[in-house]
Amino acid sequence: MHATQHPDLAPLFERLARAPAVLVSVSHTQGSVPREAGTWMAVWPDGQIGTIGGGHLEWDALKQARDALAAGASMPWTHRVALGPSLGQCCGGVVELRFEPVTLAEAGALRQRLAPVLTPVALFGGGHVGQAIVRALAPLPFAVHWIDSRDGVFPDRLPSTVCAEHSEPVQDAVRDLPPGARVLIMSFSHAEDLDIVAACLQRRRASGDLPFVGLIGSRTKWATFRRRLLERGFTEDELGGITCPIGLPGIGGKEPAVIAASVVAQLLLVRSG
């Protein structure tokens, strides 16, 4: 799977430029726990960035980190925590936390360690639903390639994990998508949608590296597309790999934000395998 690194660790480094911190990370887990290994938070005497799950586990970790800052600690240490009734958290698992005093001098190493791996998403269509999906994806582990054939449809300011591209004809952009991209198709034109689906099918036939291709629309729309794509020489098996309509079944409502929530939840399920 192609992946990119999240570029937006700026708040962490801005705070480190003003004062050192203690980085608290989940280094190992066993059983049921609030957060997975690799989760982290940076702690200062007057604040924090990130979370290791909240509750008593986090409150205890915050106290340890702030006590260490007050004492001028410079060496890392670990702390193993059983999440039982004595801690007030009945998860039943075990968490090992690593506490590490850090300064801005470690920025390069921290960037490599802390930046999450992002799953690529190709979003065709800059309309209301497309914009709602981009907003919903912004805080999540996805890198979005946002594509439209029209000029002036993208907002002036985009999240750091989104790049926008004008492509005419729009389906030409399929050729250069990163391997492993999850594709969402919702252009302003059914004709464009059909050409994008066809381009995705051609790429799947050639390289098989687009694991999810979803098309916005109704079952009636897909029935029409299916007939036209069969006429273009695609097989029933190939068409069976297209998801239409997109979104989780059972979620009602056609408002852009509702559709976006449903589609993003589906992408998270696909990402989890």
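Counting restarts for each chain, with residues numbered from 1 along the sequence as it is written. Reporting of local features is limited, given that this is a predicted model, to residues whose pLDDT is at least 70; pairs of side-chain atoms are given and counted only at 80 or more, and all residues count toward the totals for whole chains, interfaces and linings. With hydrogens and water excluded, all non-hydrogen atoms of the structure serve as input to the side-chain values.

S.K.: Could you clarify how one ought to interpret the UniProt feature "domain: XdhC Rossmann" (unreviewed entry) in the chain in this entry?
M.R.: Sequence positions flagged by UniProt for "domain: XdhC Rossmann" (unreviewed entry) are, in local numbering, residues 122-267. Within the segment residues 122-267, helix and strand shares are 39% and 17% respectively, and the terminal C-alpha atoms sit 12 Å apart. UniProt positions are given in the numbering used here, feature names are shortened, and annotations may be inferred rather than shown by experiment. Labels follow the DSSP assignment, with helices taken as runs of H or I lasting at least four residues and strands as runs of E lasting at least two, numbered in each case from the N terminus.

S.K.: Is there a simple way to think about the UniProt feature "domain: XdhC- CoxI" (unreviewed entry) in the chain in this case?
M.R.: Under the UniProt annotation, the feature "domain: XdhC- CoxI" (unreviewed entry) is placed at residues 17-75. The distance separating the terminal C-alpha atoms of residues 17-75 is 20 Å; by composition the span is 32% helix and 32% strand.

S.K.: I'm lost on the side chain of Asp 148 in this one. Help?
M.R.: Topologically, Asp 148 is positioned in strand 8 (residues 142-148). Taking relative accessible area as the criterion, Asp 148 reaches 2% and is therefore assigned buried. To sort residues, take the accessible area from a 1.4 Å probe on protein chains only and compare it with the maximum for the residue type: under 20% means buried, over 50% means exposed, and anything in between is partly exposed.

S.K.: In this structure, what is going on with the pairing of strand 7 (residues 117-124)? I would like to understand it.
M.R.: Each regular strand carries side chains that alternate between the two faces of the sheet. Among the 8 residues of strand 7, 7 are classified as buried, and the element is accordingly described as predominantly covered. Whether two strands pair comes down to DSSP finding at least two bridges between them. Strand direction decides the pairing type here: strand 7 and strand 8, joined by 6 bridges, are parallel. Pairing of Phe 124 across the sheet is with Ile 147, part of strand 8. The definition of a right-handed crossover adopted here requires that, viewed with the strands pointing away, the path from the first strand over the helix to the second runs clockwise. Between strand 7 and its parallel partner strand 8, the chain crosses via helix 4 (residues 128-137), and the hand of that crossover is right-handed. Bridging between strand 7 and strand 10 (residues 182-185) involves 4 bridges; their strand directions are parallel. Across the sheet, residue Val 121 finds its bridge partner in strand 10, namely Arg 182.

S.K.: It is not clear to me how the packing of helix 1 (residues 10-18) against helix 3 (residues 107-114) should be interpreted in this structure. Could you clarify?
M.R.: Each pair of packed helices gets described by two things: the angle between the helix axes and the distance between those axes. Direction vectors running N to C along helix 1 and helix 3 enclose 150°, while the axes themselves pass 11 Å from each other. For the element pair helix 1 / helix 3, the angle class is roughly antiparallel. In this structure, helix 1 meets helix 3 at a crossing whose hand is right-handed. Contacts between helix 1 and helix 3 involve Leu 12, Phe 13 and Leu 16 from the former and Ala 107, Leu 110, Arg 111 and Leu 114 from the latter. Where helices are involved, their axes are fitted lines through C-alpha atoms of the stretch in contact, as for all axes, and angles between N-to-C directions lie from 0 to 180°. For classification, angles of less than 35 degrees are called roughly parallel, those exceeding 145 degrees roughly antiparallel, those between 65 and 115 degrees roughly perpendicular, and all remaining angles oblique. A crossing counts as left-handed when the near helix is turned anticlockwise from the far one by less than a right angle, and as right-handed when that turn is clockwise. Any two residues whose heavy atoms approach within 4.5 Å at even a single point are treated as in contact.

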